[in-house]
Amino acid sequence: MFIDVINLKKSYTTGSVTTEVLKGIGMKLEKGETGVILGPSGSGKSTLINIIGGIDRGDSGQVSVDGVEITDLNDDQLTDYRRGDIGFVFQFYNLVPNLTVGENIEVVSNISKSPLDTDVVLAAVGMRDKKHRFPRELSGGEQQRVSIARAIVKNPKLLLCDEPTGALDFLTSRFILQLLQQVNQKYGTTILMITHNAAIAAMANRVFRLRSGEVVEESVNQNTVPAE
Ligand code: ADP
Ligand code: ADP
């Protein structure tokens, strides 16, 4: 089991109001699979992937990723895990504006254990010739290609994507998804992605539907083949 989440709970307290955002989540994903999380806004999707990625912590339950029980890690170990094994792709790219494309990649590869070559990942996303450009000189789709290059340069075991195509038009979205599928097939990277897009869900091996902090439906897509 690559990702194994058991009875994960998380609450936030604002003033005197406590809201249970995750109410005992259970989900499993095998190595090389692509999983999609669907669900309405506020259902806990980002909280769930942030905990799996070591950005946030749950209150109780178990989260194991590639055999590592991340709930047992101390803060330093969790930072190592996040830096070493997890790639993140966000809706709004989160590139550093005053660094070039190449420098945005190198910020990450410089702190990675076994990074891939910057030019190789830029070529993989078709952005090799924009290496010396700044993010503001690029279209949204191009910025997302750079952010995918930045996520894969550390050769992560797991790629977590929070609405990666949420700010892009249909054709650009399709291109970005094809790119993510290529990463999955070429590097065997397990991918877990939040989306509102039904077409994306149809490409995934497994789909988890969240509602109010619970997995209310899980489906396995028989037409898709996980990466080796
Ligand atoms: P989704 O990604 O499905 O839209 P989120 O995981 O972002 O849902 O949020 C779930 C709920 O948790 C929302 O009601 C949100 O307001 C709340 N929430 C998320 N992060 C925090 C936080 N840091 N502090 C307080 N409440 C939060
Ligand atoms: P898209 O059609 O994908 O939205 P744009 O029309 O925004 O793309 O950009 C088209 C091309 O022009 C892209 O290759 C982008 O790199 C380049 N470009 C856009 N804005 C700038 C800029 N301010 N400076 C230099 N090049 C730019």
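Residues numbered from 1 in each chain as written. Chains lettered and ligands numbered in written order. Predicted model: local features only at pLDDT ≥ 70, side-chain atom pairs only at ≥ 80, totals over all residues. Heavy atoms only, no water.

## Considerations on the sheet that holds strand β9 (residues 206–211)
Here is step 1 of the chain: What the six strands build is an open sheet, ordered β6-β7-β8-β3-β9-β10; its pairing is mixed. The open sheet has two edge strands, β6 (86–90) and β10 (214–220), and neither has a second partner. The average angle at which neighbouring strand axes cross in this sheet is 15°, direction not considered.
Here is step 2 of the chain: Seen against the sheet, helix α2 (residues 75–85) touches β6 and β7 (158–162) and runs at an angle of roughly 70° to β6.
Here is step 3 of the chain: In this fold helix α6 (residues 170–187) packs onto β3 (34–38), β7 and β8 (190–194), with an angle of close to 155° to the strand it touches most, β8. (Pairing = 2+ DSSP bridges. Helix = DSSP H or I, 4+ residues; strand = E, 2+ residues; numbered from the N terminus. Axes fitted to C-alpha atoms, helices over the stretch in contact; angles between N-to-C directions. Contact = heavy atoms within 4.5 Å.)

## Section: the packing of helix α3 (residues 101–109) against helix α5 (residues 140–152)
Here is step 1 of the chain: As a packed pair, α3 and α5 sit with axes 8 Å apart at the nearest point and diverge in direction by 25°. In terms of orientation, α3 lies roughly parallel with respect to α5. Considering the relative orientation of α3 and α5, their crossing is right-handed. On α5, the residues that touch Val-101, Asn-104, Ile-105 and Val-108 of α3 are Val-146, Ala-149 and Arg-150.
Here is step 2 of the chain: Grouping the amino acids of the contact of α3 with α5 by side-chain chemistry returns five nonpolar, one polar and one charged. (Parallel < 35°, antiparallel > 145°, perpendicular 65-115°, else oblique. Left-handed = near helix turned anticlockwise from the far one by under 90°. Nonpolar A, V, L, I, M, F, W, Y, C, P; charged D, E, K, R; others polar.)

## Regarding α6
Here is step 1 of the chain: Taking 1.5 Å of rise per residue, the 18 residues of α6 would be expected to cover 26 Å, and the 26 Å separating its terminal C-alpha atoms lies within 8% of that figure.
Here is step 2 of the chain: Of all the residues in α6, the buried ones are Ser-173, Ile-176, Leu-177, Leu-179, Leu-180, Val-183 and Asn-184. Take α6 and look down its axis: the buried residues cluster within an arc of 155°, on one side only. Away from its buried face, by an angle of more than 90 degrees, α6 presents the exposed residues Leu-171 and Lys-186. (Expected span 1.5 Å × (residues − 1). Buried < 20%, exposed > 50% of the residue type's maximum accessible area, 1.4 Å probe, protein only. Arc of directions from axis to C-beta.)

## Quick word on the site of ligand 1
Here is step 1 of the chain: Within the structure, ligand 1 sits among Tyr-12, Val-21, Pro-40, Ser-41, Gly-42, Ser-43, Gly-44, Lys-45, Ser-46 and Thr-47.
Here is step 2 of the chain: Residue Lys-45 places a side-chain N or O atom 2.8 Å away from an oxygen atom belonging to ligand 1.
Here is step 3 of the chain: One nitrogen or oxygen atom from the main chain of Ser-46 is found 2.8 Å from an oxygen atom belonging to ligand 1.
Here is step 4 of the chain: Relative to its free-state accessible area of 560 Å², ligand 1 is covered by the protein chains to the extent of 57%. (Near = heavy atom within 4 Å. Polar contact = N/O pair within 3.5 Å; in protein donor to acceptor, adjacent residues only side chain to side chain. Areas by Shrake-Rupley, 256 points an atom, 1.4 Å probe, with all protein chains shown as cover.)

## Regarding empty space enclosed by the protein
Here is step 1 of the chain: Scanning the model with the defined rule gives two cavities of 30 Å³ or more in all.
Here is step 2 of the chain: Lining the largest cavity are Thr-34, Val-36, Leu-177, Leu-180, Gln-181, Asn-184, Ile-191, Met-193, Ile-200, Met-203 and Ala-204.
Here is step 3 of the chain: Mapped by element, the contributors of at least two residues to the lining of the largest cavity are β3, α6, β8 and α7 (198–203).
Here is step 4 of the chain: By residue number, the principal contributor to the lining of the largest cavity is α6, which donates four residues.
Here is step 5 of the chain: Its residues assigned to classes, the lining of the largest cavity comprises eight nonpolar, three polar and no charged.
Here is step 6 of the chain: There is about 40 Å³ of room inside the second largest cavity.
Here is step 7 of the chain: Taken together, Phe-2, Val-65, Asp-66, Val-68, Tyr-81, Asp-85, Ile-86, Lys-157 and Leu-158 make up the lining of the second largest cavity.
Here is step 8 of the chain: Across the lining of the second largest cavity, the residue classes tally to six nonpolar, no polar and three charged.
Here is step 9 of the chain: Mapping the lining of the second largest cavity onto the domain boundaries places at least three of its residues in each of domain 1 (1–73) and domain 2 (86–189). (1 Å grid on protein atoms, 1.4 Å probe; cavity = no way out; pocket = protein on both sides within 12 Å on 5 of 7 lines; lining within 4 Å. Points joined across faces, edges and corners; volume = space filled by probe spheres on them. Domains from an automatic or database assignment.)

## A short note on the side chain of Thr-47
Here is step 1 of the chain: For Thr-47, the location among the structural elements is in helix α1 (residues 45–52).
Here is step 2 of the chain: Assessed through its relative accessible area of 11%, Thr-47 is described here as buried.

## Some details on the domain arrangement of the protein
Here is step 1 of the chain: Domain boundaries in the protein define domain 1 (1–73) and domain 2 (86–189).
Here is step 2 of the chain: At the junction of the two partners, domain 1 supplies 13 residues and domain 2 supplies nine residues.
Here is step 3 of the chain: Summing both sides of the interface, domain 1 and domain 2 together bury roughly 900 Å²; the carbon and sulfur share of this comes to 63%.
Here is step 4 of the chain: One salt bridge connects Asp-66 with Lys-157, and the closest N-O pair in it is separated by 3.2 Å. (Buried area = accessible area lost by both parts, 1.4 Å probe. Salt bridge = Lys/Arg side-chain N within 4 Å of Asp/Glu carboxyl O.)

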